[in-house]
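Examining the three-dimensional arrangement
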Amino acid sequence: MDEWRPVMAMLVFNLISAVMTALVKEALQQGLNSLVLITLRQLVATVFLAPIAYFKERNTRPKFTLDMFVYHFFSAALGAALSQYTFFYGLKFTTATFAITFANMAPVLTFLISIALRVESLNMKSKAGTAKILGTLMSFGGVLLLSLYKGVAVTHAAALSSAHHAANSSQVGTTTDKRTWMLGTVSLLANCLFFSFWLLLQSRLTKKYPALYSSTAIMFFFSTLQAGALTVTIERHSSVWIVTRRLEILTILYSGIMASAAGFLIMTWCVHKRGPVFTAAFIPVIQIMVAIIDFFFLHEQIYFGSILGSALMIFGLYLLLWGKKKDAAACCTDNKQVDEEADNKQGATS
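As the structure is a computational prediction, the values presented were derived from the model and not from experiment.

1. Side note on the environment of Val243
Mapped onto the fold, Val243 is located in the loop between helix H9 (212–234) and helix H10 (246–274). For the pair Val243 and Leu37, spaced 206 residues apart in sequence, the C-alpha separation works out to 9.6 Å. Beyond its immediate stretch of four places on either side in the chain, Val243 contacts Leu32, Leu40, Glu248, Ile249 and Ile252.

2. Focus on a nonpolar patch on the surface
On the surface, a nonpolar cluster with roughly 570 Å² of combined accessible area is contributed by Phe64, Leu66, Phe69, Val70, Phe73 and Phe74. Position of Leu66 relative to the elements: it lies in helix H3 (residues 66–93). In this structure Leu66 comes out as exposed when scored by relative accessible area, which is 66%.

3. Re the nonpolar core
Val24, Phe88, Leu91 and Met105 are the most contacted members of the largest nonpolar core, which totals 46 residues. With 12 residues, the single largest contributor to this core is helix H1 (residues 5–29). Setting aside chain neighbours within four positions, we find Val24 in contact with Leu37, Phe88, Leu91 and Thr251. Core analysis: the next-biggest nonpolar cluster, separate from the first, contains 17 residues, Leu78, Ala217, Phe220 and Phe222 among them.

4. Comments concerning the packing of aromatic side chains
Per the counting criterion, the structure on display carries 10 aromatic pairs. An angle of 90 degrees between the planes, with centres 6.2 Å apart, marks the rings of Phe64 and Tyr209 as edge-to-face. With a gap of 145 residues between them, Phe64 in the loop between helix H2 (34–56) and H3 and Tyr209 in the loop between helix H8 (174–208) and H9 connect regions that are remote in the sequence. Here Phe64 falls in the partly exposed class, since its relative accessible area comes to 34%. Overall, the relative accessible area of 2% leaves Tyr209 in the buried class. Three or more aromatic residues joined by ring pairs make a cluster, and in this case those are Phe69, Phe73, Phe74, Phe221 and Phe222.

Definitions and cut-offs
Residues numbered from 1 in each chain as written. Predicted model: local features only at pLDDT ≥ 70, side-chain atom pairs only at ≥ 80, totals over all residues. Heavy atoms only, no water. Helix = DSSP H or I, 4+ residues; strand = E, 2+ residues; numbered from the N terminus. Contact = heavy atoms within 4.5 Å. Patch = residues over 30% accessible without salt bridge, like charges linked within 9 Å, V, L, I, M, F, W, Y side chains within 5 Å. Areas by Shrake-Rupley, 256 points an atom, 1.4 Å probe, with all protein chains shown as cover. Salt bridge = Lys/Arg side-chain N within 4 Å of Asp/Glu carboxyl O. Buried < 20%, exposed > 50% of the residue type's maximum accessible area, 1.4 Å probe, protein only. Core = buried A, V, L, I, M, F, W, Y, C linked by side-chain atoms within 4.5 Å. Phe/Tyr/Trp six-rings, centres within 6.5 Å; stacked < 30°, edge-to-face > 60°.

Listed below in structure tokens is the structure:
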């Protein structure tokens with residue numbers, strides 16, 4: 001039972017993320033301002049997680065210095081404010097299935113940036129290194145397919161909302177539709193870049209400030225202030241802050257409590273139990289769940305280009321993760337051999 005708990009936990013996390021993506025897509029289409037959503041979502045997450053962090057880590061929390069302030073400020077900007085804004089902006093001009101597919105690019109981009117910054121090593125002569133390269137190339141091939149090739153519709157969701165599509169087709173031309181789709185794609189790619197830089201920043205921040213609950217609560221608080229300031233600067237009308245529809249309220253509460261606060265706790269627990277490779281391997285499952293919700297509840301079309309591009313991206317991701325796992329295993333083996341040799345030398349000397 002203990003072996004299956006992380007699996008069940010990640011499936012719950014995937015379901016939470018899939019429902020959140022579908023809710024946000026529908027709420028944005030009904031007129032909810034994306035910056036207001038980010039601000040209120042982070043505020044809800046702060047209020048939810050702050051008491052937990054205070055009582056759980058009150059005796060182990062490190063001192064909050066100016067250096068930690070700078071780290072948390074940029075962590076909030078990259079991981080919450082900017083990444084969420086670009087994701088919601090891209091989601092507005094694409095579909096929920098398409099948007100969540102780009103989340104699979106985050107491990108690949110993180111790997112490439114890590115190599116460029118020499119955080120990650122790459123041995124091209126080993127099987128693991130070859131798998132990393134092939135996985136990266138396949139993932140980027142999938143992204144190009146998703147961005148440039150839409151293909152024919154393989155579902156008949158349009159029949160469920162034919163009047164809606166007929167009205168749109170009379171007002172929106174093919175050229176305009178392609179431009180908005182490309183704009184959404186670029187925004188989602190920016191989201192992956194921000195998230196990748198955030199992951200690299202977090203790898204240093206967790207070492208300097210190991211109180212994970214407190215660090216996340218502080219990040220949520222800073223991102224609330226950042227998103228709020230950006231909203232006040234861009235949106236001059238105070239009416240955007242008025243949230244009255246049930247779907248909008250539900251989306252804000254759900255994304256704050258479940259997707260941000262609870263989702264982080266689940267992922268942290270799974271990383272602690274089974275490691276980051278195991279946790280990252282479950283990301284593509286979100287896409288399958290979103291596709292089901294997208295088709296049956298939001299009546300979105302599923303296109304051949306999306307299926308082909310998604311398959312390439314997911315297979316490339318698993319190749320990359322397999323290569324990283326092999327590298328980690330080889331590194332552990334080498335360390336053990338070095339320790340054994342050192343012990344043998346000490347024994348011979350004595």
